[in-house]
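The primary structure of each chain is shown beneath.
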Amino acid sequence: IGVGYLLSPAAYHLGYQLLAQHGIELFVDVPKVVFYGNDYQAQVDDVVNGKLDVGILPSSWMIENAPDILASKLVVHNPSSYIYEDEGFPFPTSTLLTPQPGLMASPDVPWSVKEQVTDALTNLTKDHPAAVGAGIATFTM
């Protein structure tokens with residue numbers, strides 16, 4: 001099992017949760033796990049060449065950097081399609097859709113400000129000027 005950057009929701013956290021649901025603990029079953037950091041290309045190469053059975057990495061990276069490999073040589077396990085506000089996510093995925101990067105606040109930011117920012121972001125609609133300007137449809141947490 002190849003695992004990407006440990007701080008990435010798409011390259012680690014979602015895969016960790018998916019594997020844990022099937023009884024594989026990444027830090028317990030260490031002989032089965034190879035940590036690749038940000039070297040997604042090496043991870044893909046090792047899957048394609050048979051050195052790995054499973055690779056966990058962001059679909060956005062695959063779409064941008066290796067669409068031919070994604071289309072012809074790899075299998076998305078348990079593929080799902082997501083529909084949100086009558087629009088479908090255009091690529092198969094094995095996990096829930098998770099935006100990247102995550103949203104964080106410094107510990108010294110007052111809680112009330114964090115709540116206001118969260119409320120403003122989660123109430124965006126795809127036609128709101130801020131969403132249009134940011135090139136996003138919505139913001140979910």
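Just so it is clear, the model here is predicted, and its values are computed rather than measured.

Participant: Describe the nonpolar core, and please don't skip the residues or the numbers.
Facilitator: Within the largest apolar cluster, seven residues are counted, these being Y40, V44, L57, W61, M62, A66 and I69. Taken together, the elements giving at least two residues each to this core come down to α2 (40–48) and α3 (59–65). Of all hydrophobic cores here, the second largest spans six residues; its members include I1, L19, V33 and I56.

Participant: Mind laying out the environment of A137, listing which residues take part and the relevant values?
Facilitator: With respect to the secondary-structure elements, A137 resides in the segment after α6 (129–134). Judged by relative accessible area, which is 37%, A137 ranks as partly exposed. A sequence separation of 13 residues divides A137 from L124, and the C-alpha atoms of the two residues are 8.2 Å apart. The residues touching A137, leaving out its near neighbours within four places in the chain, are T125, K126 and A131.

Participant: Explain the side chain of D46 residue by residue, including any values.
Facilitator: If you trace the backbone, D46 turns up in helix α2. When neighbours within four sequence positions are excluded, D46 is seen to be in contact with Y36, K51 and L52.

Participant: Which residues make up α2, and what values do they have?
Facilitator: Within the sequence span of α2, burial applies to Y40, Q43, V44, D46 and V47. Seen end-on, α2 carries its buried residues on one side only, within an arc spanning 160 degrees. After α2 finishes, the residue G50 shows a positive phi value of roughly 85 degrees.

Participant: Go over the environment of V33, please, and point to the residues and values.
Facilitator: Within the secondary structure layout, V33 lies in the loop between α1 (9–21) and β2 (34–37). Separated by 31 residues in sequence, V33 and G2 place their C-alpha atoms 5.9 Å apart. Residue contacts for V33: discarding those within four places in its chain leaves I1, V3 and L26.

Participant: Would you mind going over a nonpolar patch on the surface in detail, with residue names and values included?
Facilitator: A cluster of nonpolar side chains, L6, F27 and F35, forms an exposed patch at the surface whose accessible area comes to about 280 Å². Within the secondary structure layout, L6 lies in the loop between β1 (2–4) and α1.

What counts and how
Residues numbered from 1 in each chain as written. Predicted model: local features only at pLDDT ≥ 70, side-chain atom pairs only at ≥ 80, totals over all residues. Heavy atoms only, no water. Core = buried A, V, L, I, M, F, W, Y, C linked by side-chain atoms within 4.5 Å. Buried < 20%, exposed > 50% of the residue type's maximum accessible area, 1.4 Å probe, protein only. Helix = DSSP H or I, 4+ residues; strand = E, 2+ residues; numbered from the N terminus. Contact = heavy atoms within 4.5 Å. Arc of directions from axis to C-beta. Patch = residues over 30% accessible without salt bridge, like charges linked within 9 Å, V, L, I, M, F, W, Y side chains within 5 Å. Areas by Shrake-Rupley, 256 points an atom, 1.4 Å probe, with all protein chains shown as cover. Salt bridge = Lys/Arg side-chain N within 4 Å of Asp/Glu carboxyl O.

That's the geometry; what it means functionally is another story.
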